[in-house]
Amino acid sequence: NTKGFIFDLDGVIVDTAKYHFLAWKKLANSIDVDFTETQNEQLKGVSRVKSLEKILSWGNKTISEDEFMALMAKKNDDYLSYIDKMGESEILPDVPKILNHLNENNQGVALGSASKNARKILQKVNLISNFQAIVDGNDVSKAKPDPEVFLIGAKALHQKPENCIVFEDSVAGVQAANNANMISIGIGDKTVLSEADYVFKDFTEISIEFIEELIKK
Ligand code: G6P
Ligand code: MG
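Residues numbered from 1 in each chain as written. Chains lettered and ligands numbered in written order. Predicted model: local features only at pLDDT ≥ 70, side-chain atom pairs only at ≥ 80, totals over all residues. Heavy atoms only, no water.

Right, let's talk about the coordination of the magnesium ion (ligand 2) for a bit. Put simply, the ideal angle at a metal is 109.5 degrees for four donors in tetrahedral geometry and 90 or 180 degrees for six donors in octahedral geometry. The protein atoms that coordinate the magnesium ion (ligand 2) are D8 (OD), D10 (O) and D169 (OD), at distances spanning 2.0 to 2.2 Å. Between consecutive donor residues of the magnesium ion (ligand 2), the sequence gaps follow D-x1-D-x158-D. Here D169 lies in the loop between β4 (164-168) and α8 (171-179) and D8 lies in the loop between β1 (4-7) and α1 (17-30), a separation of 161 residues in the sequence. Looking at D169, the relative accessible area reads 9%, which means it is buried. (Donors = N, O, S within 2.8 Å, 3.2 Å for Na, K, Ca; no water. Helix = DSSP H or I, 4+ residues; strand = E, 2+ residues; numbered from the N terminus. Buried < 20%, exposed > 50% of the residue type's maximum accessible area, 1.4 Å probe, protein only.)

Rendered as structure tokens:
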């Protein structure tokens, strides 16, 4: 039995959500817009362009196209300054255990992320060789909750969507998995990710037996 396991990156494999938060907060404050953790939650899984649009609308700001591009570049430069310092120690607990088990048992393993920095981050934390396919922000035109990113991932793994399992920490991502007709596994808070088929606080709560059940399903 072979299934396709598709992993989101930020907040699932590595805790980069905190770096996105710091970079967006700095940017928002630089244009006199407040930015809270609650607002940050709404940016999880959301593309860079859409995130800036939301921040501007929260702050009631309108800016020129040129300024928009400049702010996006500034945010990413700041974000990359954190990414450059990343290493294997920032892989979230028990992620390698699950990835190794899937690879050793010849399951399909793909990345499905909205980030254009996904490959760079996987290289930094030395996990890139665990993925048969990588679908990231450079490959998609429709953002989560649109299922596009996961459907491309399933295709790359030669799996039908209904035989794929998605790990996601964002509401938009869980919805994207559900819209793709895949099994959605939320990583994080049960109340936030209530639309997911299963929710776990993190991978330490996911047993090999549970993974084996998903493979047999
Ligand atoms: C992920 C993160 C978002 C981020 C998006 C784009 O979905 O959860 O917070 O905005 O990727 O990331 P990028 O690295 O391309 O700016
Ligand atoms: Mg995420």
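In the vicinity of ligand 1 there are 13 residues, among which V46, R48, S115, K116 and N117 approach most closely. Here an oxygen atom of ligand 1 sits 2.7 Å away from a polar atom, N or O, in the main chain of V46. With the chains in place, 97% of the 390 Å² that ligand 1 exposes on its own is no longer accessible. Taken together, the residues of the shell around ligand 1 sort by class into four nonpolar, five polar and four charged. (Near = heavy atom within 4 Å. Polar contact = N/O pair within 3.5 Å; in protein donor to acceptor, adjacent residues only side chain to side chain. Areas by Shrake-Rupley, 256 points an atom, 1.4 Å probe, with all protein chains shown as cover. Nonpolar A, V, L, I, M, F, W, Y, C, P; charged D, E, K, R; others polar.)

Take the sheet that holds β1 next. As summarised here, the arrangement of the six strands in space is β3-β2-β1-β4-β5-β6, forming an open sheet in which the pairing is parallel. Sheet topology places β3 (133-135) and β6 (198-200) at the edges, where each strand pairs with a single neighbour. Pairs of neighbouring strands in the sheet enclose a mean axial angle of 20°, with direction left out of account. For β1 and strand β2 (residues 108-112), the ladder comprises four bridges, and the chain directions are parallel. Counted as the bridge partner of I6 is A110 from β2. (Pairing = 2+ DSSP bridges. Axes fitted to C-alpha atoms, helices over the stretch in contact; angles between N-to-C directions.)

Before going further, it helps to examine the nonpolar core. Core analysis: the biggest nonpolar cluster contains 38 residues, and F7, I13, F131, F167, I185, F203 and I206 have the highest contact counts within it. In this structure, I206 is in contact with K97, I98, F167, I185, I187, F200 and I211, ignoring residues within four places of it in sequence. (Core = buried A, V, L, I, M, F, W, Y, C linked by side-chain atoms within 4.5 Å. Contact = heavy atoms within 4.5 Å.)

As a further point, take the confidence of the model for the protein chain. This prediction gives the protein chain a mean pLDDT of 97; 100% of its residues lie at or above 70. Complex prediction metrics read pTM 0.95 and ipTM 0.98. (pLDDT = per-residue confidence, 0-100.)

Now for the packing of α1 against helix α4 (residues 65-83). Direction vectors running N to C along α1 and α4 enclose 145°, while the axes themselves pass 9 Å from each other. Judged by the twist between their axes, the crossing of α1 over α4 is right-handed. Here α1 contributes Y19, H20, L22, A23, W24, K26, L27 and S30 to the contact with α4, which in turn contributes L71, K74, K75, D78, Y79, Y82 and I83. Here the residues of the contact of α1 with α4 are counted per class, giving nine nonpolar, two polar and four charged. (Left-handed = near helix turned anticlockwise from the far one by under 90°.)

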